[in-house]
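Commentary on secondary and tertiary structure
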Amino acid sequence: MNHYKPLPWQNVWITGAGRGIGRALAILLAGQGMRVYASSRTEIELEKLVAEYQHLPGEIIPIRLDTRCVEELEQLINEWDQTDCFPELVILNAGTHDPFSAAEFSAQRCKHLFDINLQGTINCLEPALQRMLKRGKGQIAVMASVAGYRGLPTAAAYGASKAALIHLCESLRLDLKNTHIKLQVINPGFVKTPLTDKNEFTMPALLAPDEAATGILNGLLSDHFEITFPKRFTFILKLLRIIPYRLYFYLAGKIVK
Ligand SMILES: NC(=O)c1ccc[n+]([C@@H]2O[C@H](COP(=O)([O-])OP(=O)(O)OC[C@H]3O[C@@H](n4cnc5c(N)ncnc54)[C@H](OP(=O)(O)O)[C@@H]3O)[C@@H](O)[C@H]2O)c1
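Keep in mind it's a predicted model, so treat the numbers as computed, not measured. (Residues numbered from 1 in each chain as written. Predicted model: local features only at pLDDT ≥ 70, side-chain atom pairs only at ≥ 80, totals over all residues. Heavy atoms only, no water.)

1. Section: the nonpolar core
This is how the line gets drawn: Buried Ala, Val, Leu, Ile, Met, Phe, Trp, Tyr and Cys residues that are joined via side-chain atoms within 4.5 Å together make up what is termed a nonpolar core. Any residue under 20% of the maximum accessible area for its type is buried, any over 50% is exposed, and the rest in between are partly exposed; the area is computed with a 1.4 Å probe on protein chains only. Only DSSP runs of H or I reaching four residues or more are called helices, and only runs of E reaching two or more are called strands; each is numbered from the N terminus.
Among the nonpolar cores identified, the biggest contains 38 residues, and Trp-13, Trp-80, Phe-86, Val-90, Leu-125, Ile-140 and Leu-183 are the most heavily contacted of them. For this core, the secondary-structure elements that each account for two or more residues are helix H3 (70-82), strand S4 (89-92), helix H4 (107-135), strand S5 (138-143), helix H5 (156-175), strand S6 (181-188), helix H7 (231-242) and helix H8 (245-255). In terms of residue count, the dominant contributor to this core is H4 (6 residues). The next biggest cluster of nonpolar side chains, apart from the first, holds 34 residues, and it includes Trp-9, Leu-29, Ala-38 and Ile-186.

2. Comments concerning H5
Because the α-helix completes a turn every 3.6 residues, residues three or four places apart line up on one side. Put simply, the test is: In this scheme, a helix's expected span is set at 1.5 Å multiplied by one less than its residue total.
Here H5 is 20 residues long and its end C-alpha atoms lie 29 Å apart, about the 28 Å a rise of 1.5 Å per residue gives. Every buried residue belonging to H5 is among Ala-157, Tyr-158, Gly-159, Ser-161, Lys-162, Leu-165, Ile-166, Cys-169 and Leu-172, and all of these are buried.

3. A closer look at the site of the ligand
Inclusion rule: Residue proximity to a molecule or strand is established when one non-hydrogen atom of the residue lies within 4 Å of it. Side-chain atoms alone can form a polar contact between residues adjacent in sequence; in general such a contact is a pair of N or O atoms within 3.5 Å, and within protein one must be able to donate a hydrogen while the other accepts it. Calculation of accessible area relied on Shrake-Rupley with a 1.4 Å probe; when residues are assessed, cover is drawn exclusively from the protein chains displayed. Nonpolar residues are Ala, Val, Leu, Ile, Met, Phe, Trp, Tyr, Cys and Pro. Charged residues are Asp, Glu, Lys and Arg, and all others, Gly as well, are polar.
Taken together, 30 residues are adjacent to the ligand, and Arg-41, Thr-42, Tyr-158, Val-191 and Thr-193 come closest. Between an oxygen atom of the ligand and a side-chain N or O atom of Arg-19, the distance comes to 3.2 Å. At 2.6 Å from an oxygen atom of the ligand is found a side-chain nitrogen or oxygen belonging to Tyr-158. About the coverage of the ligand: the protein hides 97% of its 870 Å² of free accessible area. Counting only elements with at least two residues in the shell around the ligand, the list comes to helix H1 (20-31) and H5. Of the residues that constitute the shell around the ligand, the class distribution is 13 nonpolar, 12 polar and 5 charged.

4. So, the pattern of salt bridges
Rules: Throughout this description, the term salt bridge denotes a Lys or Arg side-chain nitrogen within 4 Å of a carboxyl oxygen of Asp or Glu.
In total, this model carries 11 salt bridges according to the counting rule given. For the salt bridge of Arg-35 with Glu-59, the shortest nitrogen-to-oxygen distance reads 3.4 Å. Placement of Arg-35 in strand S2 (residues 35-40) and of Glu-59 in strand S3 (residues 59-64) is noted, with a sequence separation of 24 residues between them. Residue Asp-66 is joined to Arg-68 by a salt bridge in which the shortest nitrogen-to-oxygen separation is 2.8 Å. For Arg-68, a relative accessible area of 31% corresponds to the partly exposed category.

5. Observations concerning the packing of aromatic side chains
Put simply, the test is: The criterion for an aromatic pair is that two Phe, Tyr or Trp rings (for Trp, the six-membered ring) have centres within 6.5 Å, with stacked assigned to planes under 30 degrees apart, edge-to-face to planes over 60 apart and tilted to the rest. Ring-over charges, as used throughout, are those where CZ of Arg or NZ of Lys falls within 6 Å of the ring centre and within 35 degrees of the ring normal.
Taken as a whole, this structure holds 9 aromatic pairs when the rule is applied. Where Tyr-245 meets Phe-249, the ring centres are 5.7 Å apart and the plane angle is 10 degrees; that geometry is what we call stacked. Of this pair, Tyr-245 and Phe-249 are both found in helix H8, 4 residues apart, which corresponds to roughly one turn of the helix. By the burial criterion, Tyr-245 is exposed, and Phe-249 matches it. Three or more aromatic residues link up through ring pairs in this structure, and these residues are Trp-13, Tyr-37, Trp-80 and Phe-86. Of note, Arg-150 hangs over the ring of Tyr-248, and the distance from its end group to the ring centre comes to 4.3 Å. Over the face of the ring belonging to Tyr-149 we find Arg-241, whose NZ or CZ atom lies 4.1 Å from the ring centre.

6. Structural notes on H1
With 12 residues, H1 extends 17 Å between its outermost C-alpha atoms, agreeing within 8% with the 16 Å of an ideal straight helix rising 1.5 Å per residue. Within H1, 11 of the 12 residues are buried, which leaves it mostly tucked inside the rest of the structure. Looking only at H1, the buried set comprises Gly-20, Ile-21, Gly-22, Ala-24, Leu-25, Ala-26, Ile-27, Leu-28, Leu-29, Ala-30 and Gly-31. One or two residues past the end of H1 sits Gly-33, with phi positive at roughly 95 degrees.

7. Side note on the side chain of Ser-222
Our working rule: For this analysis, residues touch if any pair of their heavy atoms sits within 4.5 Å.
Here Ser-222 shows up in the loop between helix H6 (209-221) and strand S7 (226-229). Residue Ser-222 is classed as buried on the basis of its relative accessible area, which comes to 17%. Residue contacts for Ser-222: discarding those within four places in its chain leaves Lys-182 and Gln-184.

8. What about a nonpolar patch on the surface?
We count it as follows: What goes into a patch is any residue over 30% in relative accessible area without a salt bridge, connected to like charges within 9 Å or, for nonpolar side chains (Val, Leu, Ile, Met, Phe, Trp, Tyr), within 5 Å.
A cluster of nonpolar side chains, Phe-235, Ile-236, Leu-239 and Ile-242, forms an exposed patch at the surface whose accessible area comes to about 430 Å². Relative to the helices and strands, Leu-239 resides in helix H7. By relative accessible area, which is 41% here, Leu-239 ends up partly exposed.

Okay, here's the thing in C-alpha cells:
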C-alpha cells in the first residue's frame, strides 16, 4: 500500500461508497488512517465493506443514504452539526448509468438518471458548501465523467447529466475563487465496476477500481481543477472535444461501433 502521509484531512464523506469506485476510495483513505463516512442505499454492501476492512488504521462508518432524499440528508447533516464534525473533505461520487438508444428514449429513464447523478449530487453539495463557507475552508470533489465532454452513443441522458455537473463545477470554482474552499471535478475514463459491467462494447484503457482510487487521491492532493485519468485515454477525448462537429461525428462513428 502506498503511503501519502501526512494527508491534509482526517474526515471524509464519500457518497456511493458501497461498491465500485467509491468503495475503493473508502478503503484507500481508511488505509491512510482517515475516518471515512461511507454512504449509499444498499446497507448490506456497506456492512460488508466495514466488516472486511476493520483492520485498517482508519475507520469506515456506514451511512444508509439515498442522495435524492432530502429528509434523510437533513438528518445526517443535523447529526454532524450537533457535534460540529462536518467532514473537511467531501467526495460526491454516487451515480448510475442506464444506456439507451434513440429508439428507446424515455423521459422517465432520463429523469431517473438526472435525479441521481445531478439532483442527488446537488442535494449534498448545498450543505457541504454552506458549512465549508461558514468554516472558511474545506474541499469538495464532484464525480462527473469524460462522458460529459461530448455526446456519445446510448449516453444521451448519462452524458448530459455529467456535462451539467462539469459546467456546475466550473461556475462554482470561479465563485469560490477568493475562498479557501477547493472544488474539483473528477472525470475518469473507464473503470471496471458493476456500473460498466453492463457495457456491451470493449472499453479502452479500462482501470481497476483501486487504480482509479489512487488517481483520485493524487488529484485531490494536487491543485488541479480537473482530476482525470488515465491520461493516455482522456487526452484523446479532450482532443475530440475541440474538433469541429463534422469531424467529431465522423471519428466518433468510426471509434464506437
Ligand atoms: N465506472 C466508470 O467507468 C466510471 C467512469 C466515469 C465516471 N464514473 C462515475 O463514478 C461514480 C461511481 O461509479 P461506479 O462505476 O463506481 O458505479 P457503481 O459500481 O454502480 O457504484 C455506484 C455507487 O453509487 C451508489 N448510488 C447510486 N445511486 C445512489 C443514490 N440515489 N443515493 C446514494 N447512493 C447511490 C451505489 O449504491 P446504491 O445503489 O446501493 O445506493 C453505489 O455505491 C458514478 O457517478 C459514475 O457515473 C464511473
